[in-house]
Amino acid sequence: MALLRVFEERAAEQYMLGKIRGFLHLYIGQEAVAVGAIHALGRDDYVTTHYRDHGHALARGLSVNAVMAELFGKATGCSKGMGGSMHLFDASLNFAGGYAIVAGHLPLSTGMGFAFNYLNDNRLVATFFGDGALNEGEAHEVLNMSALWNLPVVFICENNLYGMGIPLSQSMSNTQLHKMAESYGIASAQVDGMDVLAVREAAETAVQHVRSGNGPYFLEARTYRFRGHSMADPVLYRSKDEEAEYRKLDPIAQYGEWLLSSKMATQKKLDAISAEVEKQVEESIAFAEESPFPSPEDLYRNVYAQLP
Amino acid sequence: MGEDIGAYGGAYAVTRGFLDEFGPERIMDTPISESVIVGAGVGSALAGLRPIVELMTINFSLVAIDQIVNHAAKLRYMSDGQFSVPLVIRTVTGGGGQLAATHSQSFENWYASVPGLKVAVPATPYDALGLFRAAMKDDNPILFAEHSLLYGMRGEVPDEWYEIPFGQADIKRKGNDVTIVAYSRMTHVALQAAAMLEEKGRQAEVIDLRTLRPWDKETVLESVRKTNRVVVVEETWKTGGFSGEIASTIQEEAFDDLDGPVARVGGLDVPAPYNGTLEAAAIPNSERIIKALSDNYGI
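Residues numbered from 1 in each chain as written. Chains lettered and ligands numbered in written order. Predicted model: local features only at pLDDT ≥ 70, side-chain atom pairs only at ≥ 80, totals over all residues. Heavy atoms only, no water.

If you check an unreviewed UniProt entry, chain B appears there as Pyruvate dehydrogenase E1 component subunit beta, mitochondrial from Geodia barretti. UniProt annotates chain B under Function (unreviewed entry) with the comment "The pyruvate dehydrogenase complex catalyzes the overall conversion of pyruvate to acetyl-CoA and CO(2). It contains multiple copies of three enzymatic components: pyruvate dehydrogenase (E1), dihydrolipoamide acetyltransferase (E2) and lipoamide dehydrogenase (E3)." Among the UniProt annotations of chain B, the heading Catalytic activity (unreviewed entry) holds the following wording: "N(6)-[(R)-lipoyl]-L-lysyl-[protein] + pyruvate + H(+) = N(6)-[(R)-S(8)-acetyldihydrolipoyl]-L-lysyl-[protein] + CO2". (UniProt positions renumbered as here; feature names shortened; annotations may be inferred.)

Named according to an unreviewed UniProt entry, chain A is Pyruvate dehydrogenase E1 component subunit alpha originating from Geodia barretti. UniProt, in the comment section headed Cofactor (unreviewed entry), describes chain A in these words: "thiamine diphosphate". UniProt annotates chain A under Function (unreviewed entry) with the comment "The pyruvate dehydrogenase complex catalyzes the overall conversion of pyruvate to acetyl-CoA and CO(2)."

1. Comments concerning the pattern of salt bridges
Residue and element names in this part refer to chain B. In this structure the tally under the stated criterion is 31 salt bridges over all chains. Two residues, Arg90 and Glu54, come together in a salt bridge whose shortest N-O distance is 2.7 Å. Linking Arg90 in strand β2 (residues 88-93) with Glu54 in strand β1 (residues 52-55), this pair joins segments that are 36 residues apart in sequence. Per residue, the accessibility class of Arg90 equals that of Glu54, and both read buried. Its salt-bridge partner being Arg173, residue Glu198 comes within 3.3 Å of it at the nearest N-O pair. Taken as a pair, Glu198 in helix α7 (residues 186-199) and Arg173 in strand β5 (residues 170-173) lie far apart in primary sequence, 25 residues in all. The partly exposed category is assigned to Glu198, whose relative accessible area is 41%. Via salt bridges that share partners, Asp127, Asp170, Lys172, Asp208 and Arg210 belong to a single interconnected network. (Salt bridge = Lys/Arg side-chain N within 4 Å of Asp/Glu carboxyl O. Helix = DSSP H or I, 4+ residues; strand = E, 2+ residues; numbered from the N terminus. Buried < 20%, exposed > 50% of the residue type's maximum accessible area, 1.4 Å probe, protein only.)

2. A few points about the packing of aromatic side chains
For the structure on display, the rule yields 20 aromatic pairs over all chains. A centroid spacing of 5.7 Å and a plane angle of 65° characterise the contact between B:Phe18 and B:Phe22, whose relative ring orientation is edge-to-face. You can see B:Phe18 and its partner B:Phe22 sitting in helix α1 (residues 18-22), four residues apart, about one turn around the helix. Connected via pairs of aromatic rings, a cluster forms that spans A:Tyr162, A:Tyr224, A:Phe226, A:Tyr237 and A:Tyr246. A cation over a ring is seen here: A:Arg238 above A:Tyr162, with NZ or CZ 5.6 Å from the ring centre. The positively charged end of B:Arg133 is found above the aromatic ring belonging to B:Tyr162, 5.3 Å away from the centroid. (Phe/Tyr/Trp six-rings, centres within 6.5 Å; stacked < 30°, edge-to-face > 60°. Lys NZ or Arg CZ within 6 Å of the ring centre and 35° of its normal.)

Encoded structure:
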């Protein structure tokens, strides 16, 4: 989680310096969800997520260098600079993207689940999406079909209470999102998304359910993003007081306190971790800086797969 | 995967018998959820399968256009080749059956604008089979548009295996006086026009494009250099039609070979009316092709 936090903070700085362009959606505050949930998955399981995907990518094990370089648009990026912040991919880790269209990856995840059933190989797909994704019609098509066809999909809804700037109560007729999933006949639960241990436990329950052939599972993780929707967001739609209240629930601080109080770690150890991740991220920035851009010849590569 | 492809046998009877032959694991009836039909096709392709999905008509592809254009077409590019989408999207296109405005459209030209997609528009049984075999082997997402009024057409197909590569047009009729470029059902309208021209002593060369992305520019240009006169015929609305792309390319690359402006005959810029006479008037016919040639080339 510390790695995710430091990465996002440094990425924000690099964005302000103009090294990262386009859109940048920071995962700050939501770290417990990606880290806790991905911990419950197997290596062969697929992960798909939305555009706020740096956290999931790092939690899945993508190289910090490769992710930072991708944000910088360099040829050493995980998608050689062709995807950018919202489209991180790593086939070797079964990290199947990073998607910019809200709810756009949900049908894809349905297809992955279908393939795993078809191949009978006991894999599953964990698909992360926000509360806003449930506004989209195709999200409901997906819930319907996943339940109907008993697909091995773990749906992880990161409910951070806002779309871009629209509060949940103004966009969803039923704000208990996991209840909405239940209406499709999908086993579901809600979990405190700021508590990484709770998330992991809930995700393990979900994975167990799905891998036993019981069909999909919908986990609603209640969380909060401490920054705006993206770097361009002036955050006019919520109060500083509200943000301050949620900052008290910082998942990293919570977990740190728990580690200390349960004697699982010492302050020295926590400081060492902080120092280590700072170093990793600094190195990734240097790596990204020094890496070359893709060349003009790369423009047409991979538009099409070549015929065998 | 598609709507009513299994138990119903397919809205146009294309998949009749498939369920018995291939079983319910391979022939899956879906709810009316085009976005997921295409999206699940893409996703299962990403996970290693080689799916074929059906959109009952191209009119309904609009509900899935995000999955086609933003996902199927772009995932290979955005992942730098780490993920591929070997997906065939079969669909039914075209009008003329008095199904009214929302059930009579042809959007192949829109999809033909999208890098990352391939688009097939066969006009005969032979071409349909050959192109479909090529489509199944292709690792790219392919929109395979079958014209609704051509399902009743019969034609010979050889017993021996053959396939037709994308980007290879077919000269359906050779001639020296004028080139008619067409695709899908308009190929047959073009052949009717060619028969009428023959009675007037003119030999038309009819080129059936067979695929729109990629399209066979060389065959078209070679023909134009020979005949010096060309009309491009297309069923969809003339405004923004693919005929504009073809006409533009011809005048860019064979300007000095033209005896007059490239003629274009397309659907009239109206939503398809239900009434039969009006509907027919909005779709290109051989008379309009003859008139276009007369207007532009005086023949």
